[in-house]
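Structural characterization, general
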Amino acid sequence: MSGGGFLGKLKALDAYPKINEDFFTKTMSGGIITIVSSVVMVLLFLSELRLFLTTSSAHELSVDVGRGEKIKIHFDVTFPKVPCAWLSLDAMDISGELHLDLVVELYTLWRRGAAGLTEGKGGGIGVLSVSVSRSRNATALANGCGSCYGAEDKQGDCCNTCDEVRAAYRRKGWALSNVDHIEQCAHDLYTEAIKEQAGEGCHIGVEVNKVAGNFHFAPGRSYQQGSMHVHDIAPFGDAVIDFRHVIHKLSFGEPYPGMKNPLDGAKAGQAAAAAAAATGMFQYFLKVVPTSYTDLSNKTLSTNQFSVTENFREAQGGAGRTLPGVFFFYDLSPIKVKIVEHGSSFLSFLTSVCAIVGGVFTVSGIVDAFVYTGTRMIKKKMELGKFS
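Worth saying up front: this structure is predicted, and the values here are computed from it rather than measured.

Each value, and the rule that gives it
Residues numbered from 1 in each chain as written. Predicted model: local features only at pLDDT ≥ 70, side-chain atom pairs only at ≥ 80, totals over all residues. Heavy atoms only, no water. pLDDT = per-residue confidence, 0-100. Helix = DSSP H or I, 4+ residues; strand = E, 2+ residues; numbered from the N terminus. Contact = heavy atoms within 4.5 Å. Patch = residues over 30% accessible without salt bridge, like charges linked within 9 Å, V, L, I, M, F, W, Y side chains within 5 Å. Areas by Shrake-Rupley, 256 points an atom, 1.4 Å probe, with all protein chains shown as cover. Salt bridge = Lys/Arg side-chain N within 4 Å of Asp/Glu carboxyl O. Buried < 20%, exposed > 50% of the residue type's maximum accessible area, 1.4 Å probe, protein only. Pairing = 2+ DSSP bridges. Disulfide = S-S within 2.5 Å. Expected span 1.5 Å × (residues − 1).

So, on to the confidence of the model for the chain. Averaged over the chain, the pLDDT score is 76; the fraction of residues at 70 or greater is 73%. Taken element by element, the chain is modelled with least confidence in strand E6 (residues 116-121), mean pLDDT 49, and with most confidence in strand E13 (residues 280-294), mean pLDDT 93. Contacts from residues 104-108, a stretch scored under 50 in pLDDT, to residues over four places away or in other chains number 21 contacts. Low pLDDT, under 50, characterises residues 120-140; the predicted model gives this stretch 64 contacts beyond four residues in sequence or across chains.

Where nonpolar side chains cluster on the molecular surface, the patch consists of Ile35, Val39, Val42, Leu43, Phe45 and Leu46 and spans about 550 Å² of accessible area. One can find isoleucine 35 in helix H2 (residues 28-53). Note on isoleucine 35: relative accessible area 57%, which makes it exposed.

Once that is clear, we can look at the pairing of strand E14 (residues 300-314). Relative to E14, E13 runs antiparallel, the two sharing 15 bridges. Bridging from a neighbouring strand, proline 290 pairs with asparagine 304 of E14. A loop of 5 residues connects E13 with E14, the two strands running antiparallel in sequence, and asparagine 298 in this loop sits at a positive phi of about 70°.

The next thing to look at is the state of the cysteines. Scanning the model with the defined rule gives 2 disulfides in all. Note on cysteine connectivity: cysteine 145 is disulfide-linked to cysteine 158, with sulfurs 1.6 Å apart. Residues cysteine 145 and cysteine 158 are joined by a disulfide whose S-S torsion is about -115°; by sign, that bridge is left-handed. Highlighted residues: cysteine 145 in the loop between E6 and helix H3 (162-172) and cysteine 158 in the loop between E6 and H3, separated in sequence by 13 residues.

Our next topic: unusual backbone geometry. Phi at asparagine 298 is positive, roughly 70°, even though this residue is not glycine. Here asparagine 298 is to be found in the loop between E13 and E14.

Structurally, the α-helix is built with 3.6 residues per turn, so residues lying three or four positions apart point the same way. For H2, which comprises 26 residues, the first-to-last C-alpha distance of 38 Å matches the rise-based estimate of 38 Å (1.5 Å per residue) to within 8%. Every buried residue of H2 is accounted for by Gly30, Ile33 and Ser37. Lining the buried residues of H2 we find helix H5 (346-384).

So this is what it looks like as structure tokens:
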């Protein structure tokens, strides 16, 4: 008895009373409204599902308080008209620290010749690669003390390798443009590589850790003479060095999803009609913006974005001739960008779906009731002859 009373009370709480099917009336207008409301319901559901699966990002700006951090630079550059043996990669930071001939350990070279692209790695001269040791492996004099050809600092100085002869000439401020008469340079691999790779191109990729400063690609071996940074371009003579290039990739740190670097895929000097038009100094001035990216799993990636402006100085002849090459000057912004990804929660998505279903169902019911009532009134007036 008590159980029946409890079940009866539950039955009295039913907010959805059932109507006998004999009392249902189905109309054509109701069918049309049902189809339209179903289509609207599906479209709204798909739209809400797309919003649920799409992440949004919030950007915040703050002062960069990081100290002593390093920037990892990734780049991949092709020089279709400059052989690998002719190139030198140098980097300087804002503290005045100078890094010469970074090609020693840090990059991979691909020679671009008639046979296509051939790979070689830095770390010792070979047919395919160039490094700081490219002429140190040259043949040294077997016996005795080699002549410095008038460039001795003091009487009795010896120059037993081609590198030592070049160093002696640099100390005197002389240019060593012709090494044919230098016995130590008879089988100099650097000179041989310059001659062998004439007419080829070069493809370079590198990763280096640097603070703000600059790095550049220029012809000839580089060295420091006093306070001056000098490139020895005497071995190239009057050769036209065409520094047109393609920057396949340039980034300061690892990329985050959706990140776009303005120089990726950039081509410089490719439209030049004559070789001389692409001979000069290509300059890129970069403003690096520290950036942190936090994904939905709360993992943070510290990287950098950058903006760029470009300039080109055509080569000039004479004593003050412009050093041809590609120069990247970068500086750090004091403002840091923080990017945080946000996504909708499942409960929010479920609430929106229920609102869509309930809202469309309610509105379609109101429309159906309005149409059904209006139709009945019109029919009744027509039967009474009062409809005109």
